[in-house]
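For reference, the chains in residue letters:
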Amino acid sequence: MQQSNRICVCLRLALLLFCSIALQSPAFAQKRWSCGIAQGTMWETRYYVADTNKPGPVVMIVGGVHGNEPAGARAAEHIRHWRITKGKLIVLPRANNPALKNNSRSMPALPKGRSNLNRNFPKADGDRPKCTLSKAIWELIGSQRPDWLLDLHEGSDFTRINSKSVGSSVIAAKMPEVAELAGRMLDTLNETIEDPNKKFVLKGPPVNGSLARAAAERLKIKSMILETTYKDQPISRRARQHRIMVHRFLSDLAMAAGGPDVLVSDARPDDAIYVAIYDAGGVGGKGPGNLEHDLRPIPNIVLRRVGVAEITGGVLKQFDVVIAPGGSGSKQARALGDDGCRAIVEFVENGGGYAGFCAGAYLASNNYTWSLKIIDADVIDRKHWKRGTGQVKIELTGEGRRLLSDEPGLIDIRYANGPILAPAQDANIPDFKALAHFRTEINKNNAPEGVMKDTPAVIVGRYGHGRVFCSSPHPESTEGLEPLVRQAIRWSAGR
Ligand SMILES: [Zn+2]
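Along each chain, numbering runs from 1 in the same order as the chain's sequence is written. Under the rules for a predicted model, residues below a pLDDT of 70 receive no local features and side-chain atom pairs below 80 are neither given nor counted, while totals for whole chains, interfaces and linings still include all residues. Calculation of side-chain values draws on the structure's entire complement of heavy atoms; hydrogens and water are dropped beforehand.

Participant: Can you walk me through the sheet that holds strand S10 (residues 273-278) in this structure?
Facilitator: In a beta sheet, neighbouring strands are held together by backbone hydrogen bonds and run either parallel or antiparallel to one another. The pairing criterion is simple: DSSP has to find at least two bridges between the two strands. Secondary structure elements are defined from DSSP: runs of H or I of at least 4 residues count as helices, runs of E of at least 2 residues count as strands, and each element is numbered from the N terminus. Across the sheet, 9 strands lie side by side as S11-S10-S12-S13-S20-S19-S18-S15-S16; this open sheet has mixed pairing. Edge positions in the sheet fall to strand S11 (301-306) and strand S16 (410-416), since each has one partner strand and no second. Strand after strand, the sheet turns through a mean of 25° between neighbouring axes, direction not considered. Taken together, the 3 bridges between strand S15 (residues 389-396) and strand S18 (residues 433-438) define a ladder with antiparallel strand orientation. Across the sheet, Leu396 pairs through a bridge with Ala436, a residue of S18. Set on the sheet, helix H8 (residues 287-295) makes contact with S10, S11, strand S12 (321-324) and strand S13 (353-357); between it and S11 the angle comes to about 175°. Here the axes come from fitting lines to C-alpha atoms, over the contacting stretch only for helices, and the angles between their N-to-C directions go from 0 to 180 degrees. Here, residues are in contact when the closest pair of their heavy atoms is within 4.5 Å.

Participant: Is there a simple way to think about the environment of Ala50 in this case?
Facilitator: Residue placement: Ala50 occurs in strand S3 (residues 45-51). A relative accessible area of 3% places Ala50 in the buried class. Residues Ala50 and Arg342, spaced 292 residues apart in sequence, show a C-alpha to C-alpha distance of 35 Å. Beyond its immediate sequence surroundings of up to four residues, Ala50 is in contact with Gln30, Lys31, Arg32, Ile84, Gly87, Lys88 and Leu89. Burial classification: accessible surface area is computed with a 1.4 Å probe over protein chains only, and a residue below 20% of its type maximum counts as buried, one above 50% as exposed, and the rest as partly exposed.

Participant: What exactly am I supposed to notice about the coordination of the zinc ion here?
Facilitator: Tetrahedral coordination by four donors sets the ideal angle at the metal to 109.5 degrees; octahedral coordination by six donors sets it to 90 or 180 degrees. Coordination here is defined by N, O and S atoms within 2.8 Å of the metal (3.2 Å for Na, K and Ca), and since water is not considered, a site can look incomplete. Distances from the zinc ion to its protein donors, namely His66 (ND1), Glu69 (OE), Glu69 (OE) and His153 (ND1), fall within the range 2.1 to 2.5 Å. Every geometry call rests on angle ranges, with four donors termed tetrahedral when all angles are between 85 and 135 degrees, four termed square planar and six termed octahedral when opposite donors are over 155 degrees apart and all others are between 65 and 115, and everything else termed irregular. Angles of 56 to 147° at the metal separate the 4 donor atoms of the zinc ion, which places the site in the irregular class. Each donor residue of the zinc ion belongs to the same chain, with the gaps between them written as H-x2-E-x83-H. Using a relative accessible area of 3% as the deciding quantity, one classes Glu69 as buried.

Participant: Is there a simple way to think about the nonpolar core in this case?
Facilitator: If you look at soluble globular proteins, the nonpolar side chains tend to sit buried side by side. Only buried residues count toward a nonpolar core, which is a set of Ala, Val, Leu, Ile, Met, Phe, Trp, Tyr and Cys residues joined through side-chain atoms within 4.5 Å. Core analysis: the largest hydrophobic core is formed by 42 residues, its most contacted members being Tyr354, Ile374 and Val468. Broken down by secondary-structure element, the contributors of at least two residues to this core are S10, S11, S12, helix H10 (329-349), helix H11 (359-364), strand S14 (377-380), strand S19 (456-463) and strand S20 (466-471). Of the residues forming this core, the biggest block, 8 residues, is contributed by H10. Excluding residues that lie within four positions of it along the chain, Ile374 makes contacts with Val345, Val348, Tyr354, Ala364, Ser365, Ile429, Arg462, Tyr463 and Val468. Val275, Leu295, Val458 and Trp491 belong to the second largest nonpolar core, which has 37 residues in total.

Participant: Can you walk me through the environment of Ala95 in this structure?
Facilitator: For Ala95, the location among the structural elements is in the loop between strand S5 (88-92) and helix H3 (97-102). Measuring from C-alpha to C-alpha, the distance between Ala95 and Gly67 comes to 8.9 Å, with 28 residues separating the pair along the chain. Not counting chain neighbours up to four residues away, the residues in contact with Ala95 comprise Thr45, Val62, Gly63, Gly64, Val65, Leu133 and Ile137.

Participant: I'm lost on the domain arrangement of the protein chain in this one. Help?
Facilitator: A common measure of how large an interface is: the accessible area buried when the components associate. If you check the domain split of the protein chain, you get domain 1 (2-252) and domain 2 (273-492). Note that the domain bounds reflect an automated or database-derived domain assignment. Relative to domain 2, the C-alpha centre of domain 1 lies at a distance of 37 Å. With 9 residues of domain 1 at the interface, the matching set in domain 2 holds 9 residues. Reported buried area values correspond to the accessible surface (1.4 Å probe) lost by two parts on association, with both partners' losses combined. Across the domain 1/domain 2 interface, buried area totals approximately 700 Å², and carbon plus sulfur atoms make up 44% of it. Looking only at domain 1, the three residues that lose the most surface to domain 2 are Arg74, Ser236 and Arg240, adding up to 55% of its buried area. By definition here, a salt bridge exists when the distance from a side-chain nitrogen of Lys or Arg to a carboxyl oxygen of Asp or Glu is within 4 Å. At the boundary of domain 1 with domain 2, the tally comes to 2 salt bridges. Any pair of nitrogen or oxygen atoms within 3.5 Å is treated as a polar contact; in protein, a donor-acceptor pairing is required on top of that, and neighbouring residues in sequence qualify only through side-chain atoms on both sides. Linking domain 1 with domain 2 are 4 residue pairs in polar contact (both at pLDDT 80 or more). Among the elements of the structure, helix H2 (70-79) and helix H7 (235-252) are those that each provide at least two residues to the side of domain 1 that touches domain 2. The greatest single-element share of the side of domain 1 that touches domain 2, amounting to 4 residues, is contributed by H7. Three classes are used: nonpolar for Ala, Val, Leu, Ile, Met, Phe, Trp, Tyr, Cys and Pro, charged for Asp, Glu, Lys and Arg, and polar for all others, with Gly counted as polar. Its residues placed into classes, the side of domain 1 that touches domain 2 shows 2 nonpolar, 3 polar and 4 charged.

See below:
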């Protein structure tokens, strides 16, 4: 008896240590805390609670049940920082961490038949969850007893175009109140979608074995699945669609405090760096993912994908740095439009950091009609912009060795039609400093020889109160240059 008491006390102490309690917010007093589930297993993951201590609905948001549907996990990671006015918000952003890391629908290490987490919840009264992780999630739901459960997923295609996929739908449990609120979420979201084929539709009920179906039928929790579409759409747009739906939902329950584009915590550590990576129109394939990979090791860095709607809506105020990755500078400018471009220029003018890689350096430059004109550099030999891709060598200047890396000699780096830069001598902008020069060149497609070699490859400048970093070549897609990318972003953030 005594021994079991002692074990019980020990367990409670361990639980207290594992759970972290945080913050009273001044605006809306709410206690925030987080805790782990499936502790000590490969499935261990955290959930986050905002509790106002005022009567109101208990809402649970789940993301990342399927590892190849990242927008749900990302949106939930944003939503967990939202303030609410009453009730309680519980967010489990990365339900299935190992699958998210593998970008796979299935759970690793489990046999077929048990590897789909969203079929492992009780299918009938008296049934048990079929795996360790579904059991842990089921126990969490049993202990928190939410009134509502929203599970954020993605489909492979737009369901209005391809009925085999559930992409761009809300799948509601068979409960009148669920269909009603889901319908209003769709109305609000569909106003933001122009293409009629890509508008969201109401479906239901969720498939048997799914978390939402089990929660509705076994525990009478009002549940639904939100499905965005990952085909041909940037992550920023899909995560925003989730946020718009959840925000409308919380508004209908009179719980919402801020808007749908709150992406980060306002209780930030002093040394935190908040970075917005533009991933929408004009951005090429792997740039944003490579940047996230390179930057993630920086302690207290917060990385968020943003699109045009967020930027024109003023979201950059939440960040220290905005990154324009590779792709096409003119297409990025066109997608951003006058309002988006102006928002970036004003952000930098007011003290923000800008980092442009290849297309992002074109965008920052001074002499295109669509240029942001935030660095005193012209692009020269514009006629031969398509001079080719391949490995080139750059050499850091003294300033480059001080700011980026104390690597002496020549550095191999990937080049892909980046801008050839020269001083613009615009009297309104301070001169740029070169951090590196090209020491070899690429001159395919009739580009003349000798133009690229010895021009500045990496430059920095000031604009208003802000900082501008531009790299013509691609350190973010060159293995071994990850530390250089991290330094560039630290510098852009004023660290
Ligand atoms: Zn899914």
